[in-house]
Amino acid sequence: MRILVLGHRGMLGNDIVYRLGLVHDVIGMDIDECDITVPGECQRIVDETGPQVVVNAAAYTDVDGCEMNRQACFAVNADAVRNIALACRDRSIKVVHFSTDYVFSGMKGTPYKEDDECNPINVYGESKLAGERYLRNLTDNWIIVRTAWLYGKNGKNFVNTIVGKAKEESSLRVVNDQVGSPTYTVDVAAAVHALIDGDQQGLFHVTNRGRCSWYELTLKILEYANLTDVRVDPVSTDEFPRAAARPRYSVLNCSKFSDCVNRTLRFWQIALKDYINRII
Ligand SMILES: NC(=O)c1ccc[n+]([C@@H]2O[C@H](COP(=O)([O-])OP(=O)(O)OC[C@H]3O[C@@H](n4cnc5c(N)ncnc54)[C@H](OP(=O)(O)O)[C@@H]3O)[C@@H](O)[C@H]2O)c1
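In this report, the structure presented in the accompanying data block is examined. Treat the numbers as computed from the prediction; the structure is a model and nothing was measured. (Residues numbered from 1 in each chain as written. Predicted model: local features only at pLDDT ≥ 70, side-chain atom pairs only at ≥ 80, totals over all residues. Heavy atoms only, no water.)

Quick word on the site of the ligand
Okay, so step 1: In the vicinity of the ligand lie 25 residues, with L12, D35, T61, Y124 and K128 positioned nearest.
Okay, so step 2: In this structure, an oxygen atom belonging to the ligand sits 2.9 Å away from a main-chain N or O atom of M11.
Okay, so step 3: In this structure, an oxygen atom belonging to the ligand sits 3.0 Å away from a main-chain N or O atom of L150.
Okay, so step 4: Put simply, the parts of the chain that give the shell around the ligand at least two residues each are helix 1 (11–21), strand 4 (94–100) and helix 5 (123–138). (Near = heavy atom within 4 Å. Polar contact = N/O pair within 3.5 Å; in protein donor to acceptor, adjacent residues only side chain to side chain. Helix = DSSP H or I, 4+ residues; strand = E, 2+ residues; numbered from the N terminus.)

And the structure:
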């Protein structure tokens, strides 16, 4: 199959191109070649490249920045998804798109299923939910993968930040009252590969297995990176104010994905160790 990946220079986009490129004819584009917010650009690029599948890994991912730049955030995360959907709808092209655990409020207390009510508590989550709705309402042939707490070799992420800080500072303060599932982009790319090759459609939750707080994640990062001299103090969200509110508990139930493709993702600790061994 010919597959067009938008946002191929991003953290997830890069691993998607690598993974799908092992068996498919993959074309990667980023903002320089196709700014998805510009009306007509998605149509032009789809006509020029003739894909059977378009994977949209482009996004405005600065969660705190979204609070100050609502318009720019909605332009990329919502309106541009409409552009992609419209460009693909009449050409029978499947659209694969990514969303986030931040579409949920975090108040449920047990892992969120695909059909649980969405109630975002920050602008980023609102914009991603609006993007999901454009795709679902405008096309018939789509996959939306909601994932969470990503890290990978091609982007700014929490794991790299902690390793960097631990090399410079003797103690760290990390939030202990937000719980989620850290997820390696390589594993999401493999999951997307399975969904595309299995000709699946619909909404799927995809994260590494298990859950932890940012504090617990930090302890594991330092252990695996052999940086155990650093002191880590757990703090509450209230002690660590950010521009955007974050859900307290945004673990995703991934059993629909497992049932459909007959596989589960690795536990987060195993994926994290693999990443640190390879990259750091
Ligand atoms: N990161 C996470 O923890 C996380 C968690 C859950 C879900 N997700 C979702 O997963 C997907 C991938 O996230 P990521 O962290 O890999 O993103 P990322 O590293 O920020 O990459 C996004 C890419 O999109 C490009 N882009 C931005 N605006 C564009 C435009 N107008 N036209 C074309 N390309 C544009 C960016 O280019 P520039 O760098 O030049 O702006 C960048 O290369 C997103 O849908 C995100 O919402 C991410």
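There's more to say after this.
Let's talk about the pattern of salt bridges
Okay, so step 1: All told, the structure shown has 21 salt bridges when counted by the stated rule.
Okay, so step 2: A salt bridge links R9 to D32; its shortest N-O distance comes to 3.1 Å. Taken as a pair, R9 in the loop between strand 1 (2–6) and helix 1 and D32 in the loop between strand 2 (25–29) and helix 2 (41–49) lie far apart in primary sequence, 23 residues in all.
Okay, so step 3: Take D32: its relative accessible area is 63%, and that puts it in the exposed class.
Okay, so step 4: In this structure, the salt-bridge partner of K108 is D116, at a minimum N-O distance of 2.6 Å.
Okay, so step 5: Through salt bridges that share partners, D187, R266, D274 and R278 make up one connected network. (Salt bridge = Lys/Arg side-chain N within 4 Å of Asp/Glu carboxyl O. Buried < 20%, exposed > 50% of the residue type's maximum accessible area, 1.4 Å probe, protein only.)

Side note on the packing of aromatic side chains
Describing an aromatic ring pair means giving the distance of the ring centres and the angle of the ring planes.
Okay, so step 1: Going through the model one piece at a time under the given rule, you end up with seven aromatic pairs.
Okay, so step 2: Here the aromatic rings of F104 and Y112 are separated by 4.0 Å at their centres, their planes lie at 10 degrees, and the arrangement is stacked.
Okay, so step 3: Judged by centre distance (5.2 Å) and plane angle (65 degrees), the ring pair of Y184 and Y275 falls under edge-to-face. Placement of the pair is Y184 in strand 9 (residues 183–184) and Y275 in helix 10 (residues 268–279), with a sequence separation of 91 residues. (Phe/Tyr/Trp six-rings, centres within 6.5 Å; stacked < 30°, edge-to-face > 60°.)

A closer look at the nonpolar core
Okay, so step 1: I36 and L272 are the most contacted members of the largest nonpolar core, which has 61 residues in total.
Okay, so step 2: In terms of residues, this core owes the most to one element, helix 4 (residues 70–89), which gives 10 residues.
Okay, so step 3: When sequence neighbours within four positions are dropped, the list of residues in contact with L272 reads Y151, V159, L217, K220, I221 and Y224.
Okay, so step 4: Among the nonpolar cores identified, the runner-up in size contains 24 residues, and I3, I143, V192 and A194 belong to it. (Core = buried A, V, L, I, M, F, W, Y, C linked by side-chain atoms within 4.5 Å. Contact = heavy atoms within 4.5 Å.)

A word on helix 8 (residues 214–224)
Okay, so step 1: Those residues of helix 8 that fall on the buried side of the exposure criterion are W214, Y215, L217, T218, I221, L222 and Y224.
Okay, so step 2: Contacts from the buried residues of helix 8 go to helix 6 (158–168), strand 7 (171–175), strand 11 (212–213), strand 12 (231–235) and helix 10.
Okay, so step 3: Directly after helix 8, the chain includes N226, whose backbone phi takes a positive value near 55 degrees.

Examining the environment of N253
Okay, so step 1: Mapped onto the fold, N253 is located in the loop between strand 12 and helix 9 (255–261).
Okay, so step 2: As a C-alpha pair, N253 and Y215 span 38 residues in sequence and 22 Å in three-dimensional space.
Okay, so step 3: If we skip the residues at most four places from it in the chain, N253 touches P111, Y112, K113, E114 and H205.
Okay, so step 4: Side chain to side chain, N253 and S255 meet in a polar contact 2.6 Å long.

Examining the layout of surface pockets
Over the atoms rolls a probe the size of a water molecule, and in doing so it shows where empty space is left.
Okay, so step 1: Its volume calculated, the second largest pocket comes out at about 200 Å³.
Okay, so step 2: Forming the walls of the second largest pocket are 16 residues, and the residues nearest its centre are N208, R209, G210, L252 and C254.
Okay, so step 3: Taken together, the residues that form the lining of the second largest pocket break down as six nonpolar, eight polar and two charged. (1 Å grid on protein atoms, 1.4 Å probe; cavity = no way out; pocket = protein on both sides within 12 Å on 5 of 7 lines; lining within 4 Å. Points joined across faces, edges and corners; volume = space filled by probe spheres on them. Nonpolar A, V, L, I, M, F, W, Y, C, P; charged D, E, K, R; others polar.)

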